[in-house]
Amino acid sequence: MSTRSYKDAVEHLNSLQSNAAALEAARASSRLTEFAIPEMLEYLGRIGYTPKDLNALNVIHITGTKGKGSTSAFTDSILRHTLPNATIGLYTSPHLVAVRERIRINGTPISEEQFATYFFEIWDRLIANDVRQFPHTSLMPGYFRFVTLLAFHVFLSFKVNATILEVGVGGTYDSTNIVPNPVVTGITALGIDHVAVLGRTIEDIAWQKGGIFKEGVPAITVNQPPEGLRVLEKRAKELKASSFTVIPLEPGLSNVELGLAGAHQVQNASLAVALSRSFLGFQTPLPETFVTALRKTRWPGRCQTIVDPNRDNVTWYLDGAHTVESLECCIQWFASPLVGLSRGEPKPLRVLVFNCTNGRSGSSFLGTVHSRIAAQIELHKSNDDADLFFDHVIFCTNVTYADGHFKGDLTTIAIAEDDLAQLKTQRELASAWSSLLPNFPTSRIHVLPSIEHAVKEIEKLRSPTHVKVLVAGSLHLVGGVIEVSGLSHAAL
């Protein structure tokens, strides 16, 4: 029997993606809610596990609208530094360049060989055990469900001592929400996102996120909008959490240079500290091991600066911000004196590379970008002009290569083919930018069909000073830029 490779595994996994029409139909029906957890439990049983088995993973379950990935990374680092002889599992999404990034053991993605081995163990079990309780349940789970099952299988196989489990979308009906007794649950800052699935108000979204609370398990969150906080507190009581705590910013972090850039990371780090304290049973002031861990935390694609090793005088600023709130944090970071603002030296040539996935409000996002730039310029008394802060803006799809193909790990069929072919979203973004800034030269607004086209456009730019490129709006876009620009070694 021939050995099945990582490439084979990725191809099989990609076959489980839903196309745009199927996603739209699912959202319009009740299947995303009514059968979400029962079907996930059924798949779990078909691969040979019970929900009770998952309790052995010692789960820290984390959700939220923004910062859940960063909080997970901080928490993972704290546990690894505090428990150096333990085995720590980390499950996050999405990935940037390779799908195996989603499943980490002691901070390192599982290898291609490990991914392929465990993948086909799960795949073969699902094929062999094909009896289904619900008639409409598909033989194979969808992409995210499968990777979640794979993560559980990997972590149980490694006999991890702790698991940091990041929710995919929402909480109540998320595929990760089948662990009966996590050790502690946490919710990062709430905001508006995934409205087609989670609802259009903070209250709706808080209800979904609060669904990860469990009976007898501590529930911890950060300061939230009052209407969201009321719902979270109600959910904690309804689901019988052992406690509900709203934590302030951790006092000891004020003088700590966190490993992740951006002022907003202090809140994420504070939540990570609280979750780790709860998990470890520590109630002491900030331990030195926690401080070291927070300083050494790395999480690619979030407020990340990469000096291009292949192109002279080009620096990339990568942030997968894809909500209004996270874009505000992104621009607060980029439009600051130590990053993107002019500081008396010759003005750098600044480029924005941007995309957003279908269903998110691009014009609202771009309005946030511009208003935050203006506020930052005023705050720092810069001579920059907010309307001409960027010298070029590039709106491109998330397609990896100029020939229209994706890198295998980055393949997506969730975007309508017509939208991609006609660059519908990108043209709408360009139109929104022109409406927002009517004096911005149209010759410097670029609508491009792939990430490779965008990188080549940047390579054409000539500047006597530095070229600073901000990539934002989509983690898929950030991952594609890392791949195409040859930044993987420096960025990941």
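Residues numbered from 1 in each chain as written. Predicted model: local features only at pLDDT ≥ 70, side-chain atom pairs only at ≥ 80, totals over all residues. Heavy atoms only, no water.

**Student:** Sorry if this is basic, but what is going on with unusual backbone geometry here?
**Tutor:** Comment: phi is negative for the bulk of residues other than glycine, and the bulk of peptide bonds are trans. Residues Ser93 and Pro94 are joined by a peptide bond in cis, for which omega reads -10°. On the secondary structure map, Pro94 appears in the loop between strand 2 (88–91) and strand 3 (103–105). Of note in this structure, Lys240 is not a glycine but carries a positive phi near 65°. Look at Lys240 and you get exposed, because its relative accessible area is 53%. We note that Cys303 has phi near 45°; this positive angle belongs to a residue other than glycine. Along the chain, the position of Cys303 falls in the loop between helix 13 (288–296) and strand 9 (304–307). (Helix = DSSP H or I, 4+ residues; strand = E, 2+ residues; numbered from the N terminus. Buried < 20%, exposed > 50% of the residue type's maximum accessible area, 1.4 Å probe, protein only.)

**Student:** Where do I start with the packing of aromatic side chains in this structure?
**Tutor:** Pairs of aromatic rings are described using the distance from one ring centre to the other and the angle between the two planes. On inspection of all chains with the given rule, the structure shows 21 aromatic pairs. Seen in terms of ring centroids, Phe334 and Phe390 are 6.1 Å apart; in terms of plane orientation they differ by 10°. Their pairing is stacked. Within this pair, whereas Phe334 is found in helix 14 (residues 324–334), its partner Phe390 is found in the loop between helix 15 (362–379) and strand 12 (392–396), the two being separated by 56 residues in sequence. Residues Phe334 and Phe390 agree in their burial class; the two are buried. One aromatic cluster in this structure is built from Tyr317, Trp333, Phe334, Phe389, Phe390, Phe395, Trp433 and Phe440. Residue placement shows Arg235 over the ring face of Trp207; its charged tip is 3.9 Å from the ring centre. (Phe/Tyr/Trp six-rings, centres within 6.5 Å; stacked < 30°, edge-to-face > 60°. Lys NZ or Arg CZ within 6 Å of the ring centre and 35° of its normal.)

**Student:** How should I be thinking about empty space enclosed by the protein in this particular structure?
**Tutor:** Rolling a probe over the atoms, with the probe sized like a water molecule, indicates the empty space that remains. Within the structure shown, the criterion is met by two cavities of 30 Å³ or more. In this structure, the second largest cavity spans a volume of roughly 60 Å³. Taken together, Thr92, Pro94, His95, Leu96, Glu101, Arg104, Trp299, Pro300 and Arg302 make up the lining of the second largest cavity. Tallied by class, residues from the lining of the second largest cavity come to four nonpolar, two polar and three charged. (1 Å grid on protein atoms, 1.4 Å probe; cavity = no way out; pocket = protein on both sides within 12 Å on 5 of 7 lines; lining within 4 Å. Points joined across faces, edges and corners; volume = space filled by probe spheres on them. Nonpolar A, V, L, I, M, F, W, Y, C, P; charged D, E, K, R; others polar.)

**Student:** I keep staring at helix 12 (residues 265–280) and nothing clicks. Help me out?
**Tutor:** Turn by turn, an α-helix covers 3.6 residues, leaving residues three or four places apart pointing in a common direction. Its 16 residues place the ends of helix 12 22 Å apart at the C-alpha level, agreeing with the 22 Å of an ideal helix rising 1.5 Å per residue. Within helix 12, 13 of the 16 residues are buried, leaving the element largely enclosed by the surrounding structure. Positive phi appears at Gly281, one or two residues downstream of helix 12, with a value of about 80°. (Expected span 1.5 Å × (residues − 1).)

**Student:** Which parts of the structure should I look at to understand the side chain of Asn355?
**Tutor:** Looking at where Asn355 falls in the secondary structure, it is placed in the loop between strand 11 (349–354) and helix 15. A polar contact is formed between the side chain of Asn355 and the backbone oxygen of Cys396, at a distance of 3.4 Å. There is a polar contact of 3.0 Å between the side chain of Asn355 and the side chain of Asn398. With residues up to four places along the chain from it excluded, the contact list for Asn355 reads Cys396, Thr397, Asn398, Thr425, Gln426, Leu429, Ala472, Gly473, Ser474 and Leu477. (Polar contact = N/O pair within 3.5 Å; in protein donor to acceptor, adjacent residues only side chain to side chain. Contact = heavy atoms within 4.5 Å.)

**Student:** How should the environment of Pro51 be read in this particular structure?
**Tutor:** Relative to the helices and strands, Pro51 is located in helix 5 (residues 51–54). Relative accessible area serves as the criterion here: at 30%, Pro51 is assigned to the partly exposed category. Sequence spacing of Pro51 and Gly186 is 135 residues, and the spatial spacing of their C-alpha atoms is 20 Å. Contact partners of Pro51, with chain neighbours within four places excluded, come to Leu41, Leu44, Ile178 and Pro180.

In short, geometric facts, not functional conclusions.
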